[in-house]
Amino acid sequence: MRVHIVAVGRLRAGPQKDLIDDYLPRFDRTGRGLGLGPARVIEVDDRKGGGMAGEADLIRRALPGGAVIVAMDERGRVESSPDFAQRLAEWRDAGHGDLALIIGGADGIDSSLRADADFALSFGKMVWPHMLVRVMLAEQLYRAASILAGAPYHRN
Ligand SMILES: C[S@@+](CC[C@H](N)C(=O)[O-])C[C@H]1O[C@@H](n2cnc3c(N)ncnc32)[C@H](O)[C@@H]1O
């Protein structure tokens, strides 16, 4: 199952990009034997100032057809890392070829797009900066693959 992190804004070179460039290849390597990956980041940038609706349009166009759609949303469901790993495995086992995880911009994800998502995943009730959510998601994907592979990265 290919993984697409669809995110608003451009991430410049720096520590956050370095972490993503570390975690996603680790996810790819660990997930390869599990039918997970590769993972990539698709950045969308609404330069025309269309607000959340404009961003939602760009995001919709970037979504692979038939993908499971997950909205990253502080109002969504909080899960343990093992539960998230199990959820990925269930989507994979159900035969889904693509998983898209959407991270909104400063104003969040347009309500119509949130309503269309198959699942809303929360990293807790606090609102995090979207660039940090990218890093956290990349790490949780790697952690999930490690859990499913029985690798020692995750310790309870
Ligand atoms: C700065 S936040 C925008 C928050 C905005 N107030 C809203 O109503 O969605 C940017 C994006 O980061 C992600 N995000 C921020 N905090 C999150 C959390 N606790 N759990 C999951 N995603 C989060 C969401 O995708 C959100 O759209």
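Residues numbered from 1 in each chain as written. Predicted model: local features only at pLDDT ≥ 70, side-chain atom pairs only at ≥ 80, totals over all residues. Heavy atoms only, no water.

An unreviewed UniProt entry lists the protein chain under the name Ribosomal RNA large subunit methyltransferase H, from Roseobacter cerasinus. UniProt, in the comment section headed Subunit (unreviewed entry), describes the protein chain in these words: "Homodimer." (UniProt positions renumbered as here; feature names shortened; annotations may be inferred.)

Quick word on the packing of helix 1 (residues 15-31) against helix 5 (residues 130-149)
In contact at an axis separation of 9 Å, helix 1 and helix 5 are set at 20° when each is read in the N-to-C sense. Relative to helix 5, helix 1 is oriented roughly parallel. Classified by chirality, the crossing of helix 5 by helix 1 is left-handed. Mapping the contact onto sequence places Gln16, Leu19, Ile20, Tyr23, Leu24, Arg26, Phe27, Thr30 and Gly31 in helix 1 and Met131, Leu132, Arg134, Val135, Ala138, Glu139, Leu141, Tyr142, Ala145, Ser146 and Ala149 in helix 5. Among the residues forming the contact of helix 1 with helix 5, the class breakdown is 13 nonpolar, four polar and three charged. (Axes fitted to C-alpha atoms, helices over the stretch in contact; angles between N-to-C directions. Helix = DSSP H or I, 4+ residues; strand = E, 2+ residues; numbered from the N terminus. Parallel < 35°, antiparallel > 145°, perpendicular 65-115°, else oblique. Left-handed = near helix turned anticlockwise from the far one by under 90°. Contact = heavy atoms within 4.5 Å. Nonpolar A, V, L, I, M, F, W, Y, C, P; charged D, E, K, R; others polar.)

Things to note about the layout of surface pockets
Gaps left between atoms are located by rolling a probe of water-molecule size over the structure's atoms. The space that makes up the largest pocket amounts to roughly 340 Å³. In terms of lining, the largest pocket is formed by 21 residues, of which the most central are Met72, Glu74, Val127, Trp128 and Val133. Sorting the residues of the lining of the largest pocket by element identifies strand 3 (68-78), strand 5 (119-122) and helix 5 as the ones contributing at least two each. Here the element with the most residues in the lining of the largest pocket is strand 3; it accounts for four residues. Taken together, the residues of the lining of the largest pocket break down into ten nonpolar, six polar and five charged. (1 Å grid on protein atoms, 1.4 Å probe; cavity = no way out; pocket = protein on both sides within 12 Å on 5 of 7 lines; lining within 4 Å. Points joined across faces, edges and corners; volume = space filled by probe spheres on them.)

A few points about the packing of aromatic side chains
All told, the structure shown has three aromatic pairs when counted by the stated rule. Residues Tyr142 and Tyr153 carry aromatic rings whose centres are separated by 4.5 Å and whose planes lie at 45° to one another, so their mutual orientation is tilted. Remark: Tyr153 occurs in the segment after helix 5 and Tyr142 occurs in helix 5; sequence separation between them is eleven residues. For Tyr153, a relative accessible area of 23% gives the class partly exposed. An aromatic cluster is present here, built from Tyr23, Tyr142 and Tyr153 joined pairwise through their rings. (Phe/Tyr/Trp six-rings, centres within 6.5 Å; stacked < 30°, edge-to-face > 60°. Buried < 20%, exposed > 50% of the residue type's maximum accessible area, 1.4 Å probe, protein only.)

Some details on the pairing of strand 2 (residues 39-44)
Judged from the six bridges that link them, strand 1 (residues 2-8) and strand 2 form a sheet pairing that is parallel. Along strand 2, the bridge assignment pairs Ile5 with Val41. Handedness of the crossover is the feature at issue here: the chain leaves strand 1, passes through helix 1, returns alongside strand 2, and the resulting connection is right-handed. (Pairing = 2+ DSSP bridges. Right-handed = clockwise from strand over helix to strand, strands pointing away.)

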